[in-house]
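Here are the chains, one letter per residue:
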Amino acid sequence: MATEGGAGLAKSAVEKLSDAMGEKTKQLGTAMQDVHRQRRLILVIVCVALFLDNMLYMVIVPIMPSYLAMWEAGNSDRESNASGANASGAKSVLGPGYPPENEDFKIGVLFASKAILQLLVNPLSGTFIDRVGYDIPLLIGLTVMFLSTIIFALAENYATLFAARSLQGLGSAFADTSGIAMIADKYTEESERSRALGIALAFISFGSLVAPPFGGILYQFAGRRVPFLVLACVCLLDGLLLLTVIKPFGSRARENMPVGTPIQRLMIDPYIAVVAGALTTCNIPLAFLEPTIATWMKKTMGASEWEMGVTWLPAFFPHVLGVYITVKLAAKYPHLQWFYGALGMVIIGASSCTVPACRNFGQLIVPLCGICFGIALVDTALLPTLAFLVDVRHVSVYGSVYAIADISYSVAYALGPIVASQIVHSLGFVQLNLGMGLANVLYAPVLLFLKNVCQMKASHSERNILLEEGPKGLYDTIKMEERKGKGKTPHPTGGMQGNNVDSYHRDLKGASEEDSSDYEYS
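Anyway, here's the lowdown on the structure attached to this text.

Quick notes on the rules
- Residues numbered from 1 in each chain as written.
- Predicted model: local features only at pLDDT ≥ 70, side-chain atom pairs only at ≥ 80, totals over all residues.
- Heavy atoms only, no water.
- Helix = DSSP H or I, 4+ residues; strand = E, 2+ residues; numbered from the N terminus.
- Contact = heavy atoms within 4.5 Å.
- Areas by Shrake-Rupley, 256 points an atom, 1.4 Å probe, with all protein chains shown as cover.
- Axes fitted to C-alpha atoms, helices over the stretch in contact; angles between N-to-C directions.
- Left-handed = near helix turned anticlockwise from the far one by under 90°.
- Nonpolar A, V, L, I, M, F, W, Y, C, P; charged D, E, K, R; others polar.
- Buried < 20%, exposed > 50% of the residue type's maximum accessible area, 1.4 Å probe, protein only.
- Polar contact = N/O pair within 3.5 Å; in protein donor to acceptor, adjacent residues only side chain to side chain.
- Expected span 1.5 Å × (residues − 1).
- Bend = angle between axes of the 7 residues up to and from the residue.
- Parallel < 35°, antiparallel > 145°, perpendicular 65-115°, else oblique.

On to the overall build of the protein chain, then. Helix and strand counts for the protein chain stand at 21 helices and two strands. Intrachain contacts of the protein chain at a sequence separation of at least 6 include 85% that bridge at least 24 residues. Accessible surface, the protein chain: about 23500 Å² in total, of which carbon and sulfur atoms supply 65%.

Shown next as structure tokens:
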């Protein structure tokens, strides 16, 4: 009897647990079907992906001395044991050992390889994203980043590190671009879009900030492979969450997606070109100072190791503050987005010019905080502007336009690790900072060109695109009408009336054949 009673209790407990799990699963499924909750989950997935990308970019910094020691030991062993013929044959361009005088250059190439490959792949990834949607490219990017992180953990020589770094750039070209584009697509209200993109920018900054201490601590106590394995696990979990929430291979909506504006046409749009130039210019000081400021601090102010290690730590807080302030101001005064960007560039220019005048660590914190605060203003103001420009001047598909933004960042970070050291050696650290500061101050007035952007309204650009590419059937007609009805564009013009397909085609015949860059002012 006691045995039967125990079995009954166990069965009852299992049934209750099963019912509870089923109820929780049902609630989770219901929550995922809710549009607002799904948007938040998508924002979390994208922010984690951006966070991981920047963590992986910077986590190697405190581990590099270990790799350098390994390469030097390999050089010593080969020089002592190998014959002259073998030694000459071992000096490969990507071999595991290098002469000491080339160390700075090889580390610069290693850090720049990610941005260089990202720069080359982005035009293709932007077009791919426009064709297939945002979810599959994001999954591809996370998968490639996962493989890259595993290769980092197993790397034993420079060739493997270079391959892992370049592979990370390939993953970033898909994950970063599709993630930012997905946020712009899901958050169509300008204030919500600015807030969501601001949160994403904060995660980018946070990833760059915590990566060096995270990598240094885990390397010190657990070995150099552990930081990469931890990041690989987080990347895997993020990919699984993406599969659960979005189900990228289960949606058929992409078969009838509107045709996005080709990236080459977006590149020659003067407004988008101005924004892209501002994104490149404002990030040059950060990209050029990161590889050079530690050496300058050691020479001019005798900075200790810990001071060089936490140089950028205080700058995280003004960066987040800049994002917060810009989001709040953009919600109240959206017509001044260009001014927030111009103000940020002036702050960056003034801060960059004052860096060489600093004589101790405490003084240096101020201009570095100014640079990061200014970058936050520019990025937070201009990234939503790109989506707005696409909405009112082209087709509301965002893969290519954010590929252009990623190209703008990649230009700065591809040049920084290689070019900055050469400029310092040939011209000097002072001249480098004055040049970067002057470039930002001179570019700020160019943003006046964006002053009237907020007054734009959607013209016939979307219908022109469909006319040129050919409508895909009734679905495109319905989607166009739904977009007009829901206020997809910030200033709807009324567009087509009713649900009559014939009236839509009559509108097409009456629409002008002008290029999609034409616009109207309200």
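Put simply, helix H11 (residues 270-289) and helix H17 (residues 399-426) touch, their axes get as near as 8 Å, and they point 35 degrees apart. Crossing hand, H11 versus H17: right-handed. The residue inventory of the contact of H11 with H17, partitioned by class, reads 19 nonpolar, four polar and no charged.

This part is about the side chain of Asn122. Its location among the elements puts Asn122 in helix H5 (residues 103-132). Exposure remark for Asn122: the relative accessible area of 0% places this residue in the buried category. Side chain to side chain, Asn122 and Thr177 meet in a polar contact 3.1 Å long. Excluding its chain neighbours within four sequence positions, the residues that come into contact with Asn122 are Ala173, Thr177, Ala403, Asp406, Ile407 and Ser410.

The end-to-end C-alpha distance of helix H7 (residues 158-186), which contains 29 residues, comes to 41 Å, matching closely the 42 Å that a straight helix rising 1.5 Å per residue would cover. The largest bend along H7 measures about 30 degrees and falls at Ser172. In terms of residue burial, H7 counts as a mostly covered element, since 21 of its 29 residues are buried. Residue Asn157 occupies the N-cap position of H7, its side-chain oxygen lying 3.2 Å from the main-chain nitrogen of Ala159.

What follows is about the packing of H11 against helix H15 (residues 337-354). Running from N to C, H11 and H15 point in directions that differ by 25 degrees, and their axes come no closer than 10 Å. Of the possible angle classes, the one that applies to H11 and H15 is roughly parallel. By crossing handedness, the relation of H11 to H15 is classed as left-handed. Taking contact as the criterion, the partners of Ala278, Thr281, Cys282 and Pro285 in H11 are, on H15, Met345, Ile348 and Ser352. In terms of residue class, the contact of H11 with H15 is made up of five nonpolar, two polar and no charged.

What follows concerns the environment of Ser400. Its place among the elements puts Ser400 in helix H17. Linking Ser400 and Pro262, residues 138 residues apart in sequence, is a C-alpha distance of 7.2 Å. In this structure, Ser400 is in contact with Gly126, Thr127, Asp130, Thr261, Ile263 and Leu266, ignoring residues within four places of it in sequence.

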